[in-house]
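Understanding the architecture of this molecule
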Amino acid sequence: MASQHEELADERSHLLSHHSHNRRLGSLVDEEDVASMISSHISKEEQALGESPVGERLPYNDYTTIDWLHDLVKDSFRYRSVHDAKGIRGAIASSFDSSQGWIAAAIIGVLTACVAFLVDVSVATVSDWKTGYCRGRPFASKEVCCTAKSPFTTPLQAETGETCSEWHYWTTSYSGAFGIYVACALLFGVISGTVTLTTKRSLPATAPGVGDRGPVQKPGEAANDQTSPSSAAATGKSIYMAAGSGIPEIKTILSGFVIPHFLDLNVLVVKAVGSVFAVSTGMCLGKEGPFVHISTCVAYLVAVRFPKYRASGRKLRELLAAGCSSGLAVAFGAPIGGVLFAYEEIATHFPRKVLWRAFVCSLSAAMTLKALNPTGTGKLVLFETNYGTSYEPYHYLVFVLLGVAGGVFGGVFCKANFLWSRTFRKYNIIKNYPVFEVFLVVLATALLQYPNPLTREPGDVILKNLLVDCTDSSRSAYVCVQEGDGGSFNKYLGWLGHGILVKLVLMIVTFGIKVPSGIIIPALDGGAFFGRLVGQLPFLAQTISPGIFAMVGAGAFLAGVSRMTISLAVIMFELTGELEFIMPNMIGIMVAKCVADALEREGVYDLAQAVLGHPFLDHDHSMKIVQRESHLVEELIPPPQTMREITVEVPDSGLVPRRLLTEKLSQLRRRGLMDAGLVLVQRSMLQGYLAEGELEFGLETLGLAFPEGCIVRLLPSTTGGPGLPADGDRELDLQQFIDRTPLTICAKAPMEYAVEMFGKLGLRHVCVTEEGTGKLVGVIIKKRLVVWLEGLKH
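From a predicted model like this one, the values you see are computed outputs, not experimental measurements. (Residues numbered from 1 in each chain as written. Predicted model: local features only at pLDDT ≥ 70, side-chain atom pairs only at ≥ 80, totals over all residues. Heavy atoms only, no water.)

Examining a nonpolar patch on the surface
A cluster of nonpolar residues, Val 190, Tyr 427, Ile 429, Tyr 433, Phe 436, Phe 439 and Leu 440, forms a patch on the protein surface that exposes about 660 Å² of accessible area. It is helix H18 (residues 434-449) that contributes the most residues to the nonpolar patch, 3 residues altogether. Positionally, Val 190 belongs in helix H8 (residues 174-197). Here Val 190 falls in the partly exposed class, since its relative accessible area comes to 32%. (Patch = residues over 30% accessible without salt bridge, like charges linked within 9 Å, V, L, I, M, F, W, Y side chains within 5 Å. Areas by Shrake-Rupley, 256 points an atom, 1.4 Å probe, with all protein chains shown as cover. Salt bridge = Lys/Arg side-chain N within 4 Å of Asp/Glu carboxyl O. Helix = DSSP H or I, 4+ residues; strand = E, 2+ residues; numbered from the N terminus. Buried < 20%, exposed > 50% of the residue type's maximum accessible area, 1.4 Å probe, protein only.)

Observations regarding the nonpolar core
Phe 332, Phe 413 and Leu 524 are the most contacted members of the largest nonpolar core, which has 147 residues in total. Broken down by element, this core gets its largest block of residues, 11 residues, from helix H24 (residues 546-562). Leave out the neighbours within four places in its chain, and Phe 332 touches Glu 288, Leu 380, Leu 382, Ile 520, Ile 521, Leu 524, Ile 571 and Leu 575. Core analysis: the second largest hydrophobic core is formed by 34 residues, Val 648, Ala 705, Val 712 and Leu 776 among them. (Core = buried A, V, L, I, M, F, W, Y, C linked by side-chain atoms within 4.5 Å. Contact = heavy atoms within 4.5 Å.)

Overview of the state of the cysteines
Scanning the entire structure with this criterion turns up 2 disulfides. A sulfur-sulfur separation of 2.1 Å characterises the disulfide bridge that pairs Cys 134 with Cys 145. One disulfide, between Cys 134 and Cys 145, carries an S-S torsion of 80° and so falls in the right-handed class. Taken together, the residues span a long stretch of sequence, with Cys 134 in strand S1 (residues 132-134) and Cys 145 in helix H6 (residues 142-145) at a distance of 11 residues. Note on Cys 134: relative accessible area 1%, which makes it buried. One disulfide in the model links Cys 470 with Cys 480; its S-S distance is 2.0 Å. Given an S-S torsion of about -90°, the disulfide between Cys 470 and Cys 480 has left-handed geometry. A residue pair is termed long-range when its members are at least 10 positions apart, and Cys 470 in the loop between helix H19 (459-466) and helix H20 (478-483) and Cys 480 in helix H20 qualify at 10 residues. In this structure Cys 470 comes out as buried when scored by relative accessible area, which is 15%. Judged by its relative accessible area of 2%, Cys 480 falls in the buried class. (Disulfide = S-S within 2.5 Å.)

Quick notes on the packing of aromatic side chains
The full count for this structure, using the stated rule, is 22 aromatic pairs. Arranged with centres 4.7 Å apart and planes meeting at 50°, the rings of Tyr 181 and Tyr 450 form a pair that is tilted. Linking Tyr 181 in helix H8 with Tyr 450 in the loop between H18 and H19, this pair joins segments that are 269 residues apart in sequence. This pair shows no difference in class: Tyr 181 is buried, exactly as Tyr 450 is. Relative to Phe 737, the ring of Phe 697 lies with its centre 5.7 Å away and its plane at 80°, an arrangement referred to as edge-to-face. In this pair, Phe 697 sits in helix H31 (residues 692-700) while Phe 737 sits in the loop between strand S10 (731-733) and strand S11 (744-746), placing the two residues 40 residues apart along the sequence. Each of the two residues, Phe 697 as well as Phe 737, counts as buried. One aromatic cluster in this structure is built from Tyr 387, Tyr 391, Tyr 396, Phe 399, Phe 549 and Phe 581. (Phe/Tyr/Trp six-rings, centres within 6.5 Å; stacked < 30°, edge-to-face > 60°.)

What to know about the pairing of strand S7 (residues 677-682)
Burial of S7 is extensive: 6 of the 6 residues sit out of reach of the surface. For strand S5 (residues 647-649) and S7, the ladder comprises 3 bridges, and the chain directions are parallel. Bridge assignment links Glu 649 to a residue of S7, and that residue is Val 681. (Pairing = 2+ DSSP bridges.)

Thoughts on the UniProt feature "transmembrane region" (unreviewed entry) in the protein chain
UniProt records the feature "transmembrane region" (unreviewed entry) for residues 101-119, 178-197, 290-307, 319-342, 393-420, 492-513 and 547-573 in the present numbering. The straight-line gap between the two end C-alpha atoms of residues 393-420 is 41 Å; of that span, 93% is helix and 0% is strand. Secondary structure across residues 547-573 comprises 89% helix and 0% strand; the distance between its end C-alpha atoms is 14 Å. (UniProt positions renumbered as here; feature names shortened; annotations may be inferred.)

Section: the pattern of salt bridges
Side chains bearing opposite charge may pair, as long as their charged atoms lie close to each other. A full pass over the atoms with the stated rule returns 22 salt bridges. Arg 78 serves as the salt-bridge partner of Asp 97, at 2.5 Å between the closest nitrogen and oxygen. With Asp 97 in helix H5 (residues 87-128) and Arg 78 in helix H4 (residues 68-83), this residue pair connects regions lying 19 residues apart in the sequence. The exposure classification of Asp 97 matches that of Arg 78, with both residues buried. Measuring nitrogen to oxygen at the nearest pair gives 2.6 Å for the salt bridge that ties Glu 437 to Arg 425. Within this pair, whereas Glu 437 is found in helix H18, its partner Arg 425 is found in the loop between helix H16 (395-423) and helix H17 (428-432), the two being separated by 12 residues in sequence. Take Glu 437 and Arg 425: they sit in the same class, and that class is buried. Through salt bridges with shared partners, a single network forms among Arg 314, Lys 315, Glu 318 and Lys 353.

Here it is, written out as structure tokens:
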């Protein structure tokens, strides 16, 4: 997408130079040249669409919205032009067009799995370098290195229950090992943060002087009509494209907004490299969230190779929604859970064909990852368990208890992390030097986690150790050694409690730092600690494996943090391979979600969107907000000054001076709303809508062939008389860019109508008419509705 904008800019620069030379020679470009200019920027399908009353849409502005409904109509022109072709060539083209989505989905899955394989292998190796290296194979992880067991070789191994002599520790002293661990973690954190900073980008402003959100107008409060559009300079905010999990931004993109450069190749590379070093620090973060971003980047890079998806923002997002499912599929070896995660948590537009393609995408990713075998087990199941016992009906009370604890944990975390982001990260030293924050968090993490043998390992290893079933074959595991030794049992219980508190505190201060990071594995770890601790109760430990409660607790804590339900239950099954314990997981997940919703109604990803300031319109959540009170659409009508600026009174001749449109374009730019436009009216009746992108293209590209004082035709003449006098007696025809059938809504309509139209139809704008007369009284753009809904939340 970025390369297309750059090519378009180059073409415009060339045209500007060319036509400036022509004007100096006193010559004008003839009609054939104008037609050539249009065809060079607009496809045949778009030209055909321009002849219809729907109007034309050019490439979308940065950080603006797409028009789902218009893209649907435009794709219909493309579909008919391809499938109506006759002969063998037409049949081949038609078959290829129908199969492009399936081909792209399979390619996305394979490429995502390849990237995941490289990241998984690298994380396992780099993370273990904090403690030592493998003799003879320095690039092997400890798990791969320790293929043969031998007696204890160091005191550290004796403490943790390890029996590997092939793995060489940097030192045998506890203090020395502690210092090297902390130093390596700090080094990895600085590398990850520094790499992430290379993806810093400045987004265009969407409101003057206030970044991309604009001041929130509270419900019932009159809009301020005294503010001059030019009173504050338009300033765009800066974001780090590779920071965080990327899931909040992906949700924003899939809901119809545009975040430029977020899915570029360099972001993918930095995300992968940064994830390796970020996870290797041992911080309370995981690579599962970044995998979703990586898979969406792969989906974008594959999709733009197909003209069918490159030309349509709607269809592109359908393929992105399918592609992001493969990210979780390779992260957990959970292909079905990945599909359900994309449907439940990520995508806002998920028709049946997207579900099928997401299934193909996850399937191809899982098959490829199993063949690559990054874990060396030959299995997709990451934490395979085989508990020899089952549960009894009275255990349901324990599962409910785990759900309540998970909900409390999730609610407290969401509130505390939101407050931490709003306060601590506002300090200039943290805001201006994000790597310094990473340094502090890594230092705190290493100092708090290393003394505890249970929290010393990476997050996925911690989870694997806590889910273990202490059968005869697993007695060498540290957890099983402690649970079987009454002498150090109290100390072991203390380490379990310490793990719960440390995970909660470190998750609060870690989520949101400027490195690639996810929240899934840390939340699972916290729940596993609590579940394992509950499983030590005497009346439970004697009847059922404590690992079962660790598994249920892990799912409950993640549900409390993320509010995932169906997809999480399936993921827990695919993670452990324990089909028998689906019901306990469902109980813990549902109870946790209900409790967490009572404490904080928004999950971690929704709150992250609020902190990051990305516009987002969730149809179901927005409908719940407007249903609390009675609101009418007229509350969203822009102030009179704005309406004067965006309204063009078109005479019966259908012609207006070019100078008028140039002034209107300048006013639109000063307002900073890049997805705004002009409404065309005759005798106060709506006649059409001209988007800012089309107006800019018409005046500054096509208009190069016409003198500055020319006239512009916007509508057909209804009088048949002569038009306005013009310099050179030429008129610039922009009729093909006019949307002659913009959707309208009555000003007295309930606000639920507007939310339904924007949410279900994916509209970019809707015109508001007066009750009874049908006269135009306002225009609502999508972001204005989003800002208004934000005001209702507060």
